[in-house]
Amino acid sequence: MQTIGVVGAGAWGTALAQALCRAGRHVRLWMRDPGLAATITKTGFNPVYLPDLRLDPEIAVTTDLAEAMDTDAVLLVVPTQHLRSICCAAAPLWKSGVPAVLCSKGIETGTGALTSDVARAELPAHTPLAVLSGPGFADGVARGLPSAVTLACSDPALGMTLVSAIGSRTFRPYYSPDLVGVEVGGATKNVLAIACGILEGQELGENARAALLTRGLAEMKRLGIALGGRPETFMGLSGMGDLILTATSMRSRNFSLGVAMGQGQSLSSILAARRAVTEGVATAGAITALARKLRVEMPICEAVDTLLNHGGSPADLVDGLLARPFRSELDSRPRAGQVISSEQEH
């Protein structure tokens, strides 16, 4: 895998293109905007998403999707809610056997589909799929600061081939066979990061954030297992690792949005001031609907959905969570005051 296409030139797509060049690959970076493409080609900077970083001159910037598809592997790095349209456009151009590496983190609204579900539905049959996820701010990856992520693929041989092609001394992918678990981790942590930001904006302290992170990880795990993910995945880079990064730093779009809302700003005003997509906003409703369908209890994600989409307030979110009944920390045990029948005990 010497030549790799990167579809999407936002901050994360640009950073991955830079990391791939550092790994010795030939990179074709596709973007829709011809003006931005010309600027990057002329100046060596992406002024919209990574304005302070000079990009590797070997990155071939293109607005021709067919050129990005004519590669040994393709990284799809577009917002989750636009992934289906990009897959539809790319499908007629896709070369047989070329793997699609899904790099967005979210759940499709309206369908509840994971990114791999979308790719299977829209790309040519038998297109090999992989998922790249984990804790990594784009500027750190682009600058070559040490980072580790998860590369999930159901085919171990292909997965390790992709790890070798993408990885470098400072960008370290770890292989996993669990696509579903990795996808659920990447999607859920964005919603939980908004909740953690709200606690920060409300000045409720570090104890509250630690509690929410821990209980949020339990929600992530419950949903992932219900969808067929492996429990151990959620203690790894794409679960706990990504959650810790995204839910504790003002450099996180989701955490900073929660902070602003906790301080009284409206969702519409926050989003109007941003160019980059805050994935957790759309995912909150999608993940809550999916959890209800599967009868999975996710009170934190549900509270964020209520705040973002159903007229709730930051105070309502906090009060609702604090008013929940006491229960055992182990999900299989009874809640306080709950009576278990002899049949349940046995």
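Computed from a predicted model, the values in this text were never measured in an experiment.

1. Some remarks on the overall build of the protein
Here is step 1 of the chain: A count of helices and strands for the protein gives 16 helices and 10 strands.
Here is step 2 of the chain: Against the 2.2 N^0.38 benchmark of 20 Å for 346 residues, the protein shows a C-alpha radius of gyration of 20 Å, consistent with a compact globule.
Here is step 3 of the chain: With the C-alpha coordinates aligned to their principal axes, the bounding extent of the protein is approximately 65 × 45 × 35 Å.
Here is step 4 of the chain: Scored against the burial criterion, the 346 residues of the protein give a buried share of 53%.
Here is step 5 of the chain: Within the protein, counting contacts between residues at least 6 apart in sequence, those at least 24 apart form 70% of the total.
Here is step 6 of the chain: Accessible surface computed for the protein: about 15,400 Å², of which carbon and sulfur atoms make up 54%.
Here is step 7 of the chain: Mean positive and mean negative side-chain charge positions of the protein (30 and 31 charges, respectively) differ by 3 Å.

2. Quick word on the state of the cysteines
Here is step 1 of the chain: One pass over the full model with this rule turns up zero disulfides.
Here is step 2 of the chain: Between Cys88, a cysteine without a disulfide, and Cys87, which holds the nearest cysteine sulfur, the sulfur-to-sulfur distance is 7.1 Å.
Here is step 3 of the chain: You can see Cys196 has no disulfide; the closest cysteine sulfur is in Cys301, sitting 11 Å from it.
Here is step 4 of the chain: The class of Cys196 is buried, set by a relative accessible area of 0%.

3. Quick word on the sheet that holds strand β7 (residues 100-102)
Here is step 1 of the chain: Read from one edge to the other, the open sheet built from eight strands follows the order β5-β2-β1-β6-β7-β8-β9-β10, with strand pairing classed as mixed. Both outer strands of the open sheet, β5 (60-62) and β10 (171-176), are each paired with one neighbouring strand and no more. Mean inter-strand twist for the sheet, computed between neighbouring axes without regard to direction, equals 25°.
Here is step 2 of the chain: Here strand β2 (residues 26-30) pairs with β5 via three bridges, running parallel. In the sheet register, Arg28 faces β5, and the bridge partner there is Ala60.
Here is step 3 of the chain: Running at roughly 150° to strand β6 (residues 73-76), helix α4 (residues 80-90) makes contact with β1 (3-7), β2, β6 and β7 of the sheet.
Here is step 4 of the chain: Contacting β8 (129-133), β9 (147-152) and β10, helix α10 (residues 237-246) crosses the sheet at an angle of about 145° to β9.

4. Here we look at the confidence of the model for the protein
Here is step 1 of the chain: For the protein, mean pLDDT is 93; residues scoring 70 or higher make up 95% of the total.
Here is step 2 of the chain: Low pLDDT (under 50) marks residues 333-346, which in the prediction has 12 contacts with non-local residues, meaning those over four places away or in another chain.

5. Details of the pairing of β8
Here is step 1 of the chain: Across the five residues of β8, five count as buried, placing the element largely inside the fold.
Here is step 2 of the chain: Residues Leu129, Val131 and Ser133 point to one face of β8 and Ala130 and Leu132 to the other, with burial holding for every one of them.
Here is step 3 of the chain: Bridging between β7 and β8 involves three bridges; their strand directions are parallel. Looking at the pairing, Ala100 lines up with Leu129 of β8.
Here is step 4 of the chain: Handedness of the β7-helix α5 (residues 115-122)-β8 crossover: right-handed.
Here is step 5 of the chain: Relative to β9, β8 runs antiparallel, the two sharing three bridges. Note on β9: the bridge partner recorded for Val131 is Ala152.

6. Some details on α10
Here is step 1 of the chain: Among the residues of α10, Ser238, Gly239, Gly241, Asp242, Leu243 and Thr246 are the ones counted as buried.
Here is step 2 of the chain: Contacts from the buried residues of α10 go to β8, β9, α8 (179-201), α9 (206-226) and α11 (253-262).

7. Some points on the environment of Gly236
Here is step 1 of the chain: Note on placement: Gly236 falls in the loop between α9 and α10.
Here is step 2 of the chain: Sequence separation of Gly236 and Arg172 is 64 residues, and the distance between their C-alpha atoms is 14 Å.

8. Some thoughts on a nonpolar patch on the surface
Here is step 1 of the chain: Together, Met235, Met240 and Ile244 give the surface a local cluster of nonpolar side chains, amounting to about 270 Å² of exposed area.
Here is step 2 of the chain: Following the sequence through the fold, Met235 ends up in the loop between α9 and α10.

9. Observations regarding the packing of α4 against α5
Here is step 1 of the chain: The interhelical angle for the contact between α4 and α5, taken along N-to-C directions, is 15°, at an axis separation of 9 Å. Put simply, α4 runs roughly parallel to α5. Between α4 and α5 lies a crossing of right-handed hand. For the pair α4 and α5, the contacting residues are Thr80, Leu83, Arg84, Cys87 and Cys88 in the first and Thr115, Val118, Ala119, Ala121 and Glu122 in the second.
Here is step 2 of the chain: Residue composition of the contact of α4 with α5, by class: six nonpolar, two polar and two charged.

10. A short note on the packing of helix α14 (residues 299-309) against helix α15 (residues 314-322)
Here is step 1 of the chain: Direction vectors running N to C along α14 and α15 enclose 155°, while the axes themselves pass 9 Å from each other. In this view, α14 runs roughly antiparallel relative to α15, as classed from their interaxial angle. Remark: the crossing between α14 and α15 carries right-handed chirality. In contact with Pro299, Ile300, Ala303, Val304 and Leu307 of α14, α15 contributes Pro314, Leu317 and Leu321.
Here is step 2 of the chain: Here the contact of α14 with α15 is composed, by residue class, of eight nonpolar, no polar and no charged.

The rules behind each value
Residues numbered from 1 in each chain as written. Predicted model: local features only at pLDDT ≥ 70, side-chain atom pairs only at ≥ 80, totals over all residues. Heavy atoms only, no water. Helix = DSSP H or I, 4+ residues; strand = E, 2+ residues; numbered from the N terminus. Rg over C-alpha atoms; globule rule 2.2 N^0.38 Å. Buried < 20%, exposed > 50% of the residue type's maximum accessible area, 1.4 Å probe, protein only. Contact = heavy atoms within 4.5 Å. Areas by Shrake-Rupley, 256 points an atom, 1.4 Å probe, with all protein chains shown as cover. Lys, Arg positive; Asp, Glu negative; His and termini not counted. Charge placed at Lys NZ, Arg CZ, Asp CG, Glu CD. Disulfide = S-S within 2.5 Å. Pairing = 2+ DSSP bridges. Axes fitted to C-alpha atoms, helices over the stretch in contact; angles between N-to-C directions. pLDDT = per-residue confidence, 0-100. Right-handed = clockwise from strand over helix to strand, strands pointing away. Patch = residues over 30% accessible without salt bridge, like charges linked within 9 Å, V, L, I, M, F, W, Y side chains within 5 Å. Salt bridge = Lys/Arg side-chain N within 4 Å of Asp/Glu carboxyl O. Parallel < 35°, antiparallel > 145°, perpendicular 65-115°, else oblique. Left-handed = near helix turned anticlockwise from the far one by under 90°. Nonpolar A, V, L, I, M, F, W, Y, C, P; charged D, E, K, R; others polar.

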